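# Fold and geometry: a report
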Amino acid sequence: MLSVMLAALMSDLTSIFNSASTLFTIDIYQYIRVKASNRELMIIGRSVLLCQPIISLRCSYNHSIWIENCVTCHTVLLPVLTLYVEFIHLNN
């Protein structure tokens, strides 16, 4: 039962990190650097993916609730930032 719960947690966090990395790379980085090559976008996406757990741990206040803060940090802050950048992009 414990292994099933850990597998579900790992799957959930993996999908969140992958989505946040894609959002940053395609919506924010590609807006900043328009002529980025596919290789550069891949490197940035992987770098963001590696930095996200560190950022999530820094966002947490208590080690016993780091998972909730990790999910909150990447499911609330990054989409809001992406919407803000898209809003600015559409109004220019």
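Reading the values: rules and limits
- Residues numbered from 1 in each chain as written.
- Predicted model: local features only at pLDDT ≥ 70, side-chain atom pairs only at ≥ 80, totals over all residues.
- Heavy atoms only, no water.
- Helix = DSSP H or I, 4+ residues; strand = E, 2+ residues; numbered from the N terminus.
- Buried < 20%, exposed > 50% of the residue type's maximum accessible area, 1.4 Å probe, protein only.
- Contact = heavy atoms within 4.5 Å.
- Areas by Shrake-Rupley, 256 points an atom, 1.4 Å probe, with all protein chains shown as cover.
- Salt bridge = Lys/Arg side-chain N within 4 Å of Asp/Glu carboxyl O.
- pLDDT = per-residue confidence, 0-100.
- Polar contact = N/O pair within 3.5 Å; in protein donor to acceptor, adjacent residues only side chain to side chain.

## Digging into the overall build of the protein chain
A count of helical and extended segments in the protein chain gives three helices and zero strands. Helices and strands appear in the protein chain in the N-to-C order α-α-α. By residue count, 26% of the 92 residues in the protein chain fall in the buried class. Put simply, of all contacts in the protein chain between residues at least 6 apart along the chain, 63% involve residues at least 24 apart. Counting every atom, the protein chain has about 6,800 Å² of accessible surface; 69% of that belongs to carbon and sulfur.

## Some remarks on the environment of C51
Structurally, C51 can be placed in helix α2 (residues 38–59). Distance in space between the C-alpha atoms of C51 and S21 is 9.6 Å, their sequence separation being 30 residues.

## Some points on the environment of L41
Its location among the elements puts L41 in helix α2. Sequence separation of L41 and Q30 is 11 residues, and the distance between their C-alpha atoms is 7.8 Å. Contact partners of L41, with chain neighbours within four places excluded, come to T25, Y29, Q30 and A36.

## What about the pattern of salt bridges?
By the definition in use, this model includes one salt bridge. Between E40 and R33 there is a salt bridge, and its shortest N-O distance comes to 2.6 Å.

## Here's the deal with the confidence of the model for the protein chain
The pLDDT averaged across the protein chain works out to 76; a share of 62% of its residues lies at or above 70. Averaged pLDDT values for the elements of the protein chain fall to 65 in helix α3 (residues 66–91) and rise to 83 in α2.

## What to know about the side chain of S21
Within the element layout of this structure, S21 appears in helix α1 (residues 2–32). One polar contact links the side chain of S21 to the main-chain carbonyl oxygen of G45, over a distance of 2.7 Å.

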